[in-house]
Amino acid sequence: MGRTTAEYGVVTVLVGADRGAYPNGNSLLVRGSTASVVIDPSLSLVADAPPADAVLVSHAHEDHIAGLGSYDVPVHIHHGDLEALRSRAVMVAGFGLAPESVDEVDARMRDAFHVRGRPDAMACADGDVFDLGGGRTVTVVHLPGHTTGHSGFLVEPDGFLFLADIDLTSFGPYYGDINSSLVDFEASLRRCRDIDARWYGTFHQKGVIEGATEFRRRLDVYSSVVERRDATLLAFLREPRTLEEVVAHRLVYRPHVEGPQVAPVERRTATQHVERLVSAGFVAEVETGRYRAM
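Going along each chain's sequence as written, the residues are numbered from 1 onward. Side-chain atom pairs in this predicted model are given and counted only at pLDDT of 80 or more, local residue features only at pLDDT of at least 70, and totals for whole chains, interfaces and linings cover all residues. By convention in this description, side-chain values take in all heavy atoms of the structure and omit both hydrogens and water.

A. Structural context of the sheet that holds strand S9 (residues 136-142). The rule for pairing is simple: two strands pair if DSSP sees at least two bridges between them. The way it works is that DSSP assigns letters per residue, a run of H or I at least four long becomes a helix, a run of E at least two long becomes a strand, and they are numbered from the N terminus. The strand order across the open sheet built from 6 strands is S8-S9-S10-S11-S12-S13, with neighbouring strands paired in mixed fashion. Among the strands making up the open sheet, the edge pair consists of strand S8 (129-133) and strand S13 (208-210). Each strand axis lies, on average, 20 degrees off the axis of its neighbour in the sheet, ignoring direction. As defined by bridge partners, strand S10 (residues 151-156) adjoins strand S11 (residues 160-162) across 3 bridges and the pair is classed as antiparallel. Bridged to Phe 153 within S11 is Phe 162. Angles here are taken between N-to-C directions and fall from 0 to 180 degrees, while the axes themselves are lines fitted to C-alpha atoms, restricted in helices to the stretch in contact.

See below:
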């Protein structure tokens, strides 16, 4: 099943297969009077790519750049993710996989997602504005946490905020890469909440939400997943546990999910939650390497 399109002002959402569920995604095409940009070219754009004068990438993850090979135009990404976009090896290294899994995942990035690296990619920064003519602009909104450079894009005067992987799904926020940060992710959620827009678009599944009130309601539900992980961890730590026991218990993935990413993501997620609960006085290291709720 291929993609469909939906129009929001001059913003065209290129809806990926399965409503943009991973490995697919919902790309954007934004047209002004003198230029157009594609944002986050997904798998759907490998064989069906609309023309554009430039490509904007929210962050260097495979599903957001699978269709990048269809474009021989300037490519821009926040400087925090620039090297990962320029080099597939750097991107894969950022996943923090076990050494025995690196080659397998690298091959999947190459073969399933067509990731070749874009050494020509250029850096942008928070607040940078891309002028498409006719009063239409796209502004970079840095929203780190998912990755260091993860960014949204605000299309004006239409009032369309593209949220990238702040995707409002029931899975919740993902901060499991080497350079991910729970602290930064929560700050980004607060920043999103303060942005008034007409439409809010996600790269995966939820699609486009109309109106700030409904968006903030959904954002609160999405944010609550972090609190639920804290609660799950505190319940598990009623008796002393090691970090590896927390990893095996799982805060992120359901028990049936398997893959080379599961243990590394669970470990980094667990570490961040344990550290912040220790700092807040809710958890203590009662003996070397063993933690208990207080």
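Having put the structure on the table, let's press on.
B. The arrangement of the state of the cysteines in detail. In what follows, a disulfide is any cysteine sulfur pair within 2.5 Å. Evaluation of the coordinates by the stated rule reveals 0 disulfides. Cys 124 takes part in no disulfide bond, and the closest cysteine sulfur, belonging to Cys 192, lies 16 Å away. The exposure class assigned to Cys 124 is buried, which follows from its relative accessible area of 4%. Buried, partly exposed and exposed residues are distinguished by accessible area as a fraction of the type maximum, computed with a 1.4 Å probe on protein chains only: under 20%, between the cut-offs, and over 50%, respectively.

C. Here's a closer look at the sheet that holds strand S5 (residues 54-57). With respect to topology, 7 strands assemble into an open sheet ordered S1-S2-S3-S4-S5-S6-S7, the strand pairing being mixed. Pairing within the sheet leaves two strands with one partner each, and these edge strands are strand S1 (4-8) and strand S7 (122-124). Going across the sheet, the axis of each strand differs from the next one's by a mean of 25 degrees, ignoring polarity. Pairing of S1 with strand S2 (residues 11-15), which is carried by 5 bridges, proceeds in the antiparallel orientation. Its bridge partner being in S2, Glu 7 is matched across the sheet by Thr 12.

D. Representation of the packing of helix H6 (residues 212-236) against helix H8 (residues 262-279) within the structure. Interhelical geometry of H6 versus H8 gives an angle of 75 degrees and a closest axis separation of 10 Å. One way to sum up the angle between H6 and H8 is to call them roughly perpendicular. Residue-level contacts link Val 226, Arg 229, Asp 230, Leu 233 and Leu 234 of H6 to His 273, Val 274, Arg 276 and Leu 277 of H8. Each residue gets one label: Ala, Val, Leu, Ile, Met, Phe, Trp, Tyr, Cys and Pro are nonpolar, Asp, Glu, Lys and Arg are charged, and the others, such as Gly, are polar. Classifying every residue of the contact of H6 with H8 gives 5 nonpolar, 1 polar and 3 charged. Oblique is the label for any angle not covered by the other classes, which are roughly parallel (under 35 degrees), roughly antiparallel (over 145) and roughly perpendicular (65 to 115). Contacts are assigned to residue pairs with any non-hydrogen atoms lying within 4.5 Å of each other.

E. Inspection of the nonpolar core at higher detail. We define a nonpolar core as any set of buried Ala, Val, Leu, Ile, Met, Phe, Trp, Tyr and Cys residues linked to one another through side-chain atoms lying within 4.5 Å. Leu 85 and Met 109 are the most contacted members of the largest nonpolar core, which has 27 residues in total. Residue assignment for this core shows that the elements contributing at least two residues are S5, strand S6 (75-78), helix H2 (82-86), helix H3 (88-93) and helix H4 (102-111). When residues no more than four places from it in sequence are discounted, the contact partners of Leu 85 are Val 57, Ala 60, Ile 65, Leu 68, Val 75, Ile 77, Gly 117, Arg 118 and Ala 121.

F. Focus on the pattern of salt bridges. By definition here, a salt bridge exists when the distance from a side-chain nitrogen of Lys or Arg to a carboxyl oxygen of Asp or Glu is within 4 Å. Considering all chains together, one arrives at 16 salt bridges under this definition. A salt bridge links Asp 106 to Arg 88, with the shortest nitrogen-to-oxygen separation between them at 2.9 Å. In this pair, Asp 106 is assigned in helix H4 and Arg 88 in helix H3, connecting sequence segments 18 residues apart. Linking Asp 111 and Arg 110 is a salt bridge whose minimum nitrogen-to-oxygen distance equals 2.8 Å. Residue classification places Asp 111 among the partly exposed positions, given a relative accessible area of 48%. By sharing partners, the salt bridges in this structure join Glu 186, Asp 230 and Arg 276 into a single network.

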